[in-house]
Amino acid sequence: MRVLVVGAGLSGLSTAMFLGLHGVESLVVERHATTSLHPKARGQFPQTMEVLRLAGVDQQVIDASPPEFEFRIVVAQAAAGPVFNEILVDSMGPDLSDFSSAGWANTSQERLEPILADRARELGATIRFSTELVEFTQDEHGVTAVLRDLNTGEEQTVGVEYMVGADGHRSPIRQALGIGVTGRGVLGTGVGAIFEADLSSVVPRNALLYLQNPDLPGGGGAMVSTDEPGRYSLSVGLGEYSDQRWIEMIRTAAGIPDLAVRLLEVGSSSDTKHWVADTFGSGRVHLVGDAVRVMPPTGAFGGNTAVMDGFYLAWKLAMVVKGEAGQGLLDSHTPERRPYSEYIAQQQYTFYVERMAPHLDDGTLTPMADPISMLFFGYRQISDAVLLEPGDQGELLEPEPTGRPGSRAPHVVLPDGSSTIELFGCGFVVLTGSPEWAARAEELGLTAHVLEGSDWAKAYGVTESGAVLVRPDFFVAWRTPDATGDLRQVLADIRHQGHSCGV
Ligand SMILES: Cc1cc2nc3c(=O)[nH]c(=O)nc-3n(C[C@H](O)[C@H](O)[C@H](O)COP(=O)(O)OP(=O)(O)OC[C@H]3O[C@@H](n4cnc5c(N)ncnc54)[C@H](O)[C@@H]3O)c2cc1C
């Protein structure tokens, strides 16, 4: 194995799956005996569904979503009301069909992780549970890692070319690399319980309730449905609570004083935190998911960005491992992912204050962005792995798609009803209206699509005789408005060549 991935959460499994898609096998180690059993992240945004479609698991993920697709997110005093703010009612999310041909899904983390694990294995990954990374060293040739089998206590030393730290918010790997974090720190400490009760008269099957209630410890909490009908979790401010006190708190949160409650499990305490790592890797070790970015769960970006991190890192790592790019391509991981991570963490903090902790509003909140255009599809990735055009100031956000380098390739509906986005994902792709450009691209081993009509050209800011080079992560690397331009030189400048998925 040439790549070791530490952690089999959403980010590690996504990294392994997309490495496999690009033809690179990896070894994943996870100290737990299984994937996560706890109700955590729920819901997949359309951009996440686009990449899951590329990996061939989108339908499985949709099938694993609860049959009742309706989802309700409200800020309320209690499940029975009064409701202070309706965030999402009886739908999964806004209509994003102008931006993507993919829709929403509502699968829980407990169901998504095994789907990613199975697909990663099919694509060549080896996943070892009950196995932990004990320590590692690196030099210019590779990484040496000591792994311990937690069932037998046996230790094994492995040598790999690269290691991915997908080891969660504590990230011993990040700490060993001496990488600091910057942010607002610990915002609060809570504790949760899982219970069963009949709340069908007050909440729909799928619900997330942010509670602002002076009768709950800390003045509020969060109640969320699980995959199991009639089973919920409630989180409140930290304290030592007897089972009887939990039942009282659940009744308060429900707003039903005589609710019959079956308490199933009381969890350990956990902090709500806000920070972003100062850099997303060092040398031959790169970091993804909660290892680089921890934010309040308000907004559902934690799980989605974890999957996307794996997608964004894997193609670069695969090209470097296969000798198709220099290490400089991996240096783009931090400049491309960190500014967006900082922005999204600030946005989740704003959501958190508005929904759960109004007392923290000190006037320094980042205003809420338009979630449709900016948070999901309107962020740019700026580094020397894209060729910015003269006058481009490298802005992070782009409210409307422009097709300029560093931006997501615009979604244009093709004559067969599919999206331009569905043309991308395996290697570099050239879109053009010109057979000459297509021939030039193919000579260089790239995939080229000759598109008819002018809609695509307008959306991508070129003429029909121009060309656009799109990276495997659906981002525009370069474009030329007309017949001019040296594609070979462009690829050399970006320091890599095209390749196809290895499967
Ligand atoms: C209670 C809760 C509710 C949440 N709700 C939401 C939500 O509604 N929406 C949302 O988007 N996000 C939510 N999140 C956040 C989301 O779950 C995380 O962002 C996501 O799980 C991050 O995935 P990850 O793979 O980066 O990290 P993790 O899922 O933490 O995975 C890291 C893995 O690394 C393993 N590991 C660590 N060190 C080692 C080692 N040395 N050797 C081997 N293995 C190791 C750990 O055992 C762990 O399994 C929630 C989180 C919690 C805790």
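As a convention, each chain's residues are numbered from 1 in the sequence order in which they are written. Where local features are concerned, this predicted model is filtered to residues with pLDDT of at least 70; where side-chain atom pairs are given and counted, the filter is 80 or more; whole-chain, interface and lining totals use all residues. Hydrogens and water molecules were not included; the side-chain quantities draw on all heavy atoms of the structure.

Draft legend 1. Region of the structure containing the sheet that holds strand β22 (residues 447-450). At least two bridges found by DSSP between two strands are what make those strands a pair. Per the convention used, a helix needs a DSSP run of H or I reaching at least four residues, while a strand needs a run of E reaching at least two, with both numbered from the N terminus. Read from one edge to the other, the open sheet built from four strands follows the order β22-β21-β23-β24, with strand pairing classed as mixed. The open sheet terminates on both sides in strands that have one partner only, identified here as β22 and β24 (476-480). Between one strand and the next, the sheet's axes are offset by a mean angle of 15°, whatever the strand orientation. In terms of strand pairing, strand β23 (residues 467-470) meets β24 through four bridges, oriented antiparallel. Throughout, an axis means a line fitted to C-alpha atoms (over the contacting stretch in the case of helices), and angles, computed between N-to-C directions, take values from 0 to 180 degrees.

Draft legend 2. Here's a closer look at the sheet that holds strand β8 (residues 131-138). If you walk across this open sheet you meet the three strands as β8-β9-β10, and the pairing is antiparallel. Of all the strands in the sheet, just β8 and β10 (155-160) have a single pairing partner and so form its edges. Across the sheet, the axes of successive neighbouring strands diverge by a mean angle of 25°, strand direction being ignored. Here β8 pairs with strand β9 (residues 143-149) via seven bridges, running antiparallel.

Draft legend 3. Here's a closer look at the domain arrangement of the chain. Note: domain ranges come from an automatic or database domain assignment. Each assigned domain of the chain is listed here: domain 1 (3-60 + 105-181 + 273-360) and domain 2 (380-494). With centres defined by C-alpha atoms, the gap from domain 1 to domain 2 works out at 28 Å. Of the roughly 1,500 Å² buried where domain 1 meets domain 2, counting both sides, 64% is carbon and sulfur surface. In short, buried area is how much 1.4 Å probe accessible area vanishes from two parts on joining, totalled over both. It is E50, W315 and E336 that lose the most area in domain 1 upon contact with domain 2, and together they represent 36% of the buried surface on that side. We define a salt bridge as a contact between a side-chain nitrogen of Lys or Arg and a carboxyl oxygen of Asp or Glu at a distance within 4 Å. Linking domain 1 with domain 2 are three salt bridges. In this structure, the salt-bridge partner of E422 is R53, at a minimum N-O distance of 3.7 Å. Distance and chemistry together define a polar contact, namely a pair of N or O atoms within 3.5 Å, with one atom able to donate a hydrogen and the other to accept it when in protein, and with adjacent residues in sequence counting only for side-chain atoms on both sides. Run the count over domain 1 and domain 2 and you get four residue pairs in polar contact (both at pLDDT 80 or more). For the side of domain 1 that touches domain 2, the secondary-structure elements that each account for two or more residues are α2 (46-54), α7 (301-321) and α8 (333-355). In terms of residue count, α8 provides more of the side of domain 1 that touches domain 2 than any other element does, six residues in total. For the side of domain 1 that touches domain 2, the per-class residue count stands at 11 nonpolar, three polar and five charged. Lys, Arg, Asp and Glu make up the charged group, whereas Ala, Val, Leu, Ile, Met, Phe, Trp, Tyr, Cys and Pro make up the nonpolar group; the residues left over, Gly among them, are polar.

Draft legend 4. Inspection of the packing of helix α1 (residues 10-21) against α7 at higher detail. It is the contact of α1 with α7, at a shortest axis distance of 7 Å, that shows an interaxial angle of 35°. Considering the relative orientation of α1 and α7, their crossing is right-handed. Counting all contacts with α1, which are made through L10, S11, S14, T15, F18 and L19, the residues of α7 involved are G303, A306, V307, G310, F311, A314, L317 and A318. The handedness criterion is simple: a crossing whose near helix is rotated anticlockwise from the far helix by less than a right angle is left-handed, and one whose near helix is rotated clockwise is right-handed. Note on definitions: a residue-residue contact is assigned when non-hydrogen atoms from the two residues lie within 4.5 Å.

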